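Examination of the molecular architecture
Below are the chains, spelled out letter by letter.
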Amino acid sequence: MIGIFDSGIGGLTVTKEVVASSDYQLLYLGDTARTPYGNRSQDLIYQFTVQAVDYLFKHGCQLIIIACNTASAEALRKIQQEWLPKNFPDRRVLGVIRPVVEVAAVESITGRIGVVGTRATVNSGAYDRELKQQKSSLKIFSQACPIVVPLVEEGLQNRPETMKFIRNCLRPLKAKKIDTLILGCTHYPLLFKKFKQAAGKSIKVLDTGKIVADKLTEYLVKHPEIETKLTKGKGHRFLVTDVTATFKENAQKWLGQDIKLEKIDLQ
Ligand code: DGL
């Protein structure tokens, strides 16, 4: 099984693309009792993420995608470098930042890249660090747009205020003449068209979920030792730490199907 972890519902945007491009069995875990992570400290985000990853490994996952940008930014490196070798040395944890920066570094012609995400993701500097690792000459401009997550969760995508918030959020990045925009938060792909419209023709907006799914396929081709251990089938399961009406409604809207939620405890 492949585990997909998110602070809540947002990881479903990645799940949808993984389901569309492969037939691996998925175990989704959304920490709905403690979402959002985006305004929390690094220590707490790390602690929560380790609990989730540990749970998914103990329940049969061989590979986990941390589909949450905030958790990828604040916890992934430490998990890969310190926690995993001690606890599950033969399993793997991947995030959503590396796949996207690899594409951004190639796609950007002027080398001026914009990143939007939660406060924690932007303050962590993880995108800057990873992009610079791809190409040290890149110029990165980041902007936190914390307001967008609750707007999406409340189903207010089509309200005029939402477009206004997006335009405000992109204004400083456009002033820096970026040519590529990374949507560094799981909720933003649900507003892909709006971000594209606000960005204008001269800025390429990267489709994060699709990129992560494509890179997963590439990763599994290169790592048969992991791929051969993954089960296939349609029996995906969806675990949450709190069963909420918002999750149910949004899950149906975003995935286009009804899902059964199973409540678990992480503490
Ligand atoms: N899933 C988070 C992310 O991608 C957004 C929601 C949150 O703040 O927890 O950054």
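Shown above is the structure to which this text applies.
Okay, so let's go over this structure. Not measured: the values here are computed from a predicted model.

Cut-offs and rules
- Within each chain, residues carry numbers counting from 1 in the order of the written sequence.
- Note on the predicted model: pLDDT of at least 70 is required for a residue's local features to be given, and 80 or more for side-chain atom pairs to be given and counted; whole-chain, interface and lining totals, by contrast, use all residues.
- Side-chain measures here rest on the full set of heavy atoms in the structure, leaving out hydrogens and waters.
- Side-chain atoms within 4.5 Å link the members of a nonpolar core, which is a set of buried Ala, Val, Leu, Ile, Met, Phe, Trp, Tyr and Cys residues.
- Only protein chains enter the area calculation, which uses a 1.4 Å probe; residues under 20% of their type maximum are buried, those over 50% are exposed, and those in between are partly exposed.
- What makes two residues a contact is simply this: any of their non-hydrogen atoms within 4.5 Å.
- Space inside and on the surface of the protein is sampled on a 1 Å grid over the protein atoms alone, with a cavity defined as a set of points where a 1.4 Å probe fits but cannot get out and a pocket as an open set with protein on both sides within 12 Å along at least 5 of 7 lines; lining residues have an atom within 4 Å of a point.
- Grid points are joined across faces, edges and corners, and a volume is the space filled by probe spheres set on the points.
- Secondary structure is summarised from DSSP: a helix means a run of H or I of at least four residues, a strand means a run of E of at least two, and numbering begins at the N terminus for each.
- Only heavy atoms are used to decide nearness, and a residue is near a molecule or strand if one of them lies within 4 Å of it.
- Distance and chemistry together define a polar contact, namely a pair of N or O atoms within 3.5 Å, with one atom able to donate a hydrogen and the other to accept it when in protein, and with adjacent residues in sequence counting only for side-chain atoms on both sides.
- Here the Shrake-Rupley method, with its probe set to 1.4 Å, supplies the accessible areas, and only the displayed protein chains count as covering residues.
- Just a note on the criterion: a molecule sits in a pocket or cavity if more than half of its atoms are within 2 Å of the grid points.
- Each residue receives one of three labels: charged for Asp, Glu, Lys and Arg, nonpolar for Ala, Val, Leu, Ile, Met, Phe, Trp, Tyr, Cys and Pro, and polar for the others, Gly being one of them.
- At least two DSSP bridges between two strands are required for those strands to pair.
- Seen with its strands pointing away from the viewer, a crossover is right-handed if its path from the first strand over the helix to the second goes clockwise.
- Throughout, an axis means a line fitted to C-alpha atoms (over the contacting stretch in the case of helices), and angles, computed between N-to-C directions, take values from 0 to 180 degrees.
- For the charge count, each Lys or Arg is scored as positive and each Asp or Glu as negative, with His and the chain ends excluded.
- Basic side-chain nitrogens of Lys or Arg form a salt bridge, by our definition, when they fall within 4 Å of a carboxyl oxygen of Asp or Glu.
- By definition in this entry, angles of less than 35 degrees are roughly parallel, angles greater than 145 are roughly antiparallel, angles of 65 to 115 are roughly perpendicular, and the rest are oblique.
- Here a crossing is taken to be left-handed if its near helix is turned anticlockwise relative to the far helix by less than a right angle, and right-handed if that turn runs clockwise.

A few words on the nonpolar core. Ranked by internal contacts, the top residues of the largest apolar core, which has 69 residues, are Ile2, Val116, Leu170, Leu181 and Phe195. Beyond its immediate stretch of four places on either side in the chain, Val116 contacts Gln143, Cys145, Cys169, Leu170, Leu173, Leu181, Ile182, Leu183, Gly184, Cys185, Tyr188 and Phe195. With 30 residues, the next largest nonpolar core counts Phe5, Leu27, Ala71 and Trp83 among its residues.

Before going further, it helps to examine the layout of surface pockets. Roughly 640 Å³ of internal volume is contained in the largest pocket. Lining the largest pocket are 27 residues, with Gln80, Leu94, Gly95, Arg98 and Pro99 positioned closest to its centre. The set of elements that each furnish at least two residues to the lining of the largest pocket consists of α3 (69–74), α4 (76–87), β4 (92–94), α5 (97–107), α7 (126–134) and α11 (208–222). In terms of residues, the lining of the largest pocket owes the most to one element, α11, which gives six residues. Computed from the structure, the second largest pocket encloses a volume of approximately 350 Å³.

Next up on the list: the site of the ligand. Of all residues adjacent to the ligand, which total 13 residues, the nearest are Ser7, Tyr37, Gly38, Thr70 and Thr186. Between an oxygen atom of the ligand and a side-chain N or O atom of Ser7, the distance comes to 2.6 Å. Within the backbone of Asn69, a nitrogen or oxygen atom sits 3.0 Å from an oxygen atom of the ligand. The fraction of the free accessible surface of the ligand (300 Å²) that becomes covered by protein chains is 99%. Here the ligand is seated within the second largest pocket. Here the shell around the ligand is built from residues that sort into four nonpolar, eight polar and one charged.

Moving on, we come to empty space enclosed by the protein. Over the atoms, a rolling probe the size of a water molecule traces out where space has been left empty. For the coordinates displayed, the defined rule picks out one cavity of 30 Å³ or more. Considering only enclosed or pocket space, the largest cavity measures out at about 40 Å³ in volume. If you go around the largest cavity, the residues you meet are Thr13, Val14, Ala67, Asn69, Val96, Cys185, Thr186, Pro189, Thr208 and Gly209. When contributions to the lining of the largest cavity are tallied by element, the ones reaching two or more residues are α1 (12–21) and α11. The class makeup of the residues in the lining of the largest cavity is five nonpolar, five polar and no charged.

Burial analysis of strand β1 (residues 2–6) places five of its five residues in the buried class, which makes it a mostly covered element. Neither face of β1 is open: one carries Ile2, Ile4 and Asp6, the other Gly3 and Phe5, and all of them are buried. In this structure, β1 lies alongside strand β2 (residues 26–30), joined through five bridges in parallel fashion. Each bridged residue has a counterpart across the sheet, and for Asp6 the counterpart in β2 is Gly30. Viewed along the sheet, the connection from β1 through α1 into β2 turns out right-handed. Note that β1 and strand β3 (residues 63–66) share four bridges and pair parallel. By the bridge assignment, Ile2 is partnered in β3 with Leu63.

The sheet built from six strands is open, its strands ordered β4-β3-β1-β2-β9-β10 with parallel pairing. Both edges of this open sheet fall to β4 and β10 (261–263), since each of them pairs with a single strand only. Along the sheet, successive strands turn relative to each other by an average axial angle of 25°, direction set aside. Its contacts with the sheet put α1 on β1, β2 and β9 (237–240), and the angle it makes with β2 is roughly 175°. Across the face of the sheet, α4 comes into contact with β3 and β4 while running at roughly 170° to β4.

Further remarks concern the side chain of Arg91. Residue position: Arg91 is located in the loop between α4 and β4. Despite being buried, Arg91 has no salt bridge partner; Asp90 is the closest side chain of opposite charge, sitting 4.1 Å away. Side-chain polar atoms of Arg91 contact the backbone oxygen of Phe57, separated by 3.0 Å. Each residue touching Arg91, except ones within four places of it in the same chain, is listed here: Phe57, Cys61, Gln62 and Leu84.

Two elements in contact, helix α2 (residues 42–58) and α4, have axes whose closest approach is 12 Å; the angle formed by their N-to-C orientations is 55°. Comparing the axis directions of α2 and α4 gives the class oblique. Crossing of α2 over α4 shows right-handed handedness. When α2 is examined against α4, the residues Tyr46, Thr49, Val50, Val53, Asp54 and Phe57 are found in contact with a partner set consisting of Lys78, Ile79, Trp83 and Leu84. Looking at side-chain class alone, the contact of α2 with α4 contains seven nonpolar, one polar and two charged residues.

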